[in-house]
Amino acid sequence: MTPDEIHFDRRMLEALVCPHTRGILIYDAEAQELVSKTAGLAYPIRNGIPIMLMDEARRLDD
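The rules behind the values
Residues numbered from 1 in each chain as written. Predicted model: local features only at pLDDT ≥ 70, side-chain atom pairs only at ≥ 80, totals over all residues. Heavy atoms only, no water. Core = buried A, V, L, I, M, F, W, Y, C linked by side-chain atoms within 4.5 Å. Buried < 20%, exposed > 50% of the residue type's maximum accessible area, 1.4 Å probe, protein only. Helix = DSSP H or I, 4+ residues; strand = E, 2+ residues; numbered from the N terminus. Salt bridge = Lys/Arg side-chain N within 4 Å of Asp/Glu carboxyl O. Pairing = 2+ DSSP bridges.

**Brief notes about the nonpolar core**
- If you look at the biggest cluster of nonpolar residues, it comprises ten residues: Leu16, Cys18, Leu25, Tyr27, Leu34, Ala39, Leu41, Tyr43, Ile45 and Ala57.
- It is strand E3 (residues 41–46) that contributes the most residues to this core, three residues altogether.

Encoded structure:
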């Protein structure tokens, strides 16, 4: 499988929350990110694995 063929398991969203706000996350399939609108952060998904580190998150205003 190439990295482009690896997809995020949406069922995982039920167990994940934003590490900053503890709020819900929205899966952005096109960008391969988990978005926390409350925190204004988007956490990347790499090779099907969400990277839930604030240092790795992209600010939504970028």
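**Concerning the pattern of salt bridges**
- Applying the stated criterion to the full structure yields three salt bridges.
- Note that Arg58 is salt-bridged to Glu33, the shortest N-O span being 2.9 Å. Pair noted here: Arg58 is in strand E5 (residues 58–59) and Glu33 is in strand E2 (residues 33–36), with a separation of 25 residues, a long-range link.
- A relative accessible area of 34% places Arg58 in the partly exposed class.
- Glu33 sits in the buried class, given a relative accessible area of 10%.
- For the salt bridge of Arg59 with Asp61, the shortest nitrogen-to-oxygen distance reads 3.9 Å.
- Residue class for Asp61 comes out exposed when judged on its relative accessible area of 63%.

**Describing the pairing of E2**
- What you see with E2 is no split at all: Glu33 and Val35 on one side and Leu34 and Ser36 on the other are buried throughout.
- Sheet topology note: the strand E1 (residues 26–28)/E2 ladder contains three bridges and is antiparallel. When the bridges of E2 are listed, Ile26 appears paired with Val35.
- The hairpin formed by E1 and E2 contains four residues between the paired strands, and Gln32 there has a positive phi angle of roughly 55 degrees.
- As paired strands, E2 and E3 are joined by four bridges and run antiparallel to one another. By the bridge assignment, Ser36 is partnered in E3 with Leu41.
- If you look at the hairpin formed by E2 and E3, you'll find four residues sitting between the two strands, and Gly40 has a positive phi there, around 70 degrees.

**Brief notes about unusual backbone geometry**
- A positive phi angle, near 65 degrees, is found at Arg22, a position not held by glycine.
- Along the chain, Arg22 turns up in the segment before E1.
- Taking the relative accessible area as the measure of exposure, Arg22 reaches 60% and is therefore exposed.

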